[in-house]
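# Inside the fold
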Amino acid sequence: MGHSSRRHGFRGIFAKEAIKKGDPIMIIPASVSLNVGSLTGSFLTPSLLLLRELRHPDSRFKPYLNIFPRRDEVVNACNLDKKYWHMLPAPLLNMVQGWQGHMEAALNGEVNLHLEYTPREVLGNINGSLTLDDLKYACALSSTRYVSTNARQRLMMFPLFDLMNHQHQCLHFLSNYNEADEEQVIAGKDVEAGEELCYGYGTMRDDYAVMHYGFLPDLEDPPRLLE
């Protein structure tokens, strides 16, 4: 098993003891995982379902929610400040404008007929105090953390797993979620005690990693950017 920690100012997971290749790094029961919507639903659904837990004073996910980064510690296309928009090439700018414009329209009740769930359906009376910044923050949190599970056709947020930082050549992997009512992170190689545990988000352009997952990977030379 691993444990969460901070080293050199960043979040991550480090092994407390040696782990053999093929053994589970961590086992996460479904009961402690946050189900944030279907694979076919609006990207807004995970934001709203997460917001419901963030706003609920007695949420059973409090230990998980309490380790989330603050608003100024997570940035992706959901909440990228407008002062940076001029730096984006047209395709990325269109994505950022589209995501943020859709959230603003949803907040104003303008796209209810196109949503899986509306803000009021999910948040009830809490909706009255909801701000666009709240929605952007929840969107940034959920979209940088959920993973898809094909067996249940759901998007799931797994505590601790989402603290594992991306490494392009990382060999650790997730088990098939349809084999048990839990998620396992399996060691793809032998791990030494104290070693940082990683997860590979796949091959992606550097700007894609920033816009979708909110992190800048180790840049290639030259960086892989959208022209």
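Our structure's up above, just so we're on the same page.
Quick caveat: nothing in here was measured; it's all calculated off a predicted structure.

One pass over the full model with this rule turns up five aromatic pairs. Ring centres of Tyr 199 and Tyr 201 lie 6.0 Å apart, and the angle between their planes is 70°; this geometry places the pair in the edge-to-face category. Of the residues examined, Tyr 201 reaches a relative accessible area of 23% and is grouped as partly exposed. Between Tyr 201 and Tyr 213, the ring centres sit 4.9 Å apart and the planes meet at 85°, which makes this aromatic pair edge-to-face. Note that Tyr 201 is positioned in the loop between β10 (196–199) and α6 (206–213) and Tyr 213 in helix α6, a separation of 12 residues in sequence. The exposure class assigned to Tyr 213 is partly exposed, which follows from its relative accessible area of 26%.

Attention now moves to the state of the cysteines. Scanning the model with the defined rule gives two disulfides in all. The residue that forms a disulfide with Cys 78 is Cys 139, at a sulfur-sulfur distance of 2.1 Å. Its S-S torsion of about -40° marks the bond between Cys 78 and Cys 139 as left-handed, since a negative value means left-handed. Of this pair, Cys 78 sits in the loop between α2 (62–65) and α3 (90–107) while Cys 139 sits in helix α5 (residues 132–143), placing them 61 residues apart in sequence. There is no split in this pair, since Cys 78 and Cys 139 are both buried. Note on cysteine connectivity: Cys 170 is disulfide-linked to Cys 198, with sulfurs 2.1 Å apart. Residues Cys 170 and Cys 198 are joined by a disulfide whose S-S torsion is about 90°; by sign, that bridge is right-handed. One end of the pair, Cys 170, is in the loop between β7 (165–166) and β8 (173–174); the other, Cys 198, is in strand β10, and 28 residues separate them in sequence.

With a phi angle near 55°, Gln 153 is a residue other than glycine that sits in the positive phi range. Within the secondary structure layout, Gln 153 lies in the loop between β5 (147–149) and β6 (154–157). Judged by its relative accessible area of 39%, Gln 153 is partly exposed. The phi dihedral of Leu 160 falls on the positive side, at around 75°, and the residue is not glycine. For Leu 160, the location among the structural elements is in the loop between β6 and β7.

Moving on, we get to the packing of helix α1 (residues 44–55) against α5. At a closest axis distance of 8 Å, the pairing of α1 and α5 adopts a crossing angle of 105°. Between α1 and α5, the angle is such that the two are roughly perpendicular. The residues of α5 that touch α1, namely those facing Leu 44, Pro 46, Ser 47, Leu 48, Leu 50, Leu 51, Leu 54 and Arg 55, are Asp 134, Leu 135, Ala 138, Cys 139, Leu 141 and Ser 142. Residues that form the contact of α1 with α5 fall into these classes: 10 nonpolar, two polar and two charged.

This model, assessed by the stated rule, comprises six salt bridges. Ionic pairing is found between Arg 71 and Asp 134, a salt bridge with its closest N-O pair at 2.7 Å. Taken together, the residues span a long stretch of sequence, with Arg 71 in the loop between α2 and α3 and Asp 134 in helix α5 at a distance of 63 residues. The network of salt bridges with shared partners includes Arg 55, Arg 71 and Asp 134.

What counts and what doesn't
- Residues numbered from 1 in each chain as written.
- Predicted model: local features only at pLDDT ≥ 70, side-chain atom pairs only at ≥ 80, totals over all residues.
- Heavy atoms only, no water.
- Phe/Tyr/Trp six-rings, centres within 6.5 Å; stacked < 30°, edge-to-face > 60°.
- Buried < 20%, exposed > 50% of the residue type's maximum accessible area, 1.4 Å probe, protein only.
- Helix = DSSP H or I, 4+ residues; strand = E, 2+ residues; numbered from the N terminus.
- Disulfide = S-S within 2.5 Å.
- Axes fitted to C-alpha atoms, helices over the stretch in contact; angles between N-to-C directions.
- Parallel < 35°, antiparallel > 145°, perpendicular 65-115°, else oblique.
- Contact = heavy atoms within 4.5 Å.
- Nonpolar A, V, L, I, M, F, W, Y, C, P; charged D, E, K, R; others polar.
- Salt bridge = Lys/Arg side-chain N within 4 Å of Asp/Glu carboxyl O.

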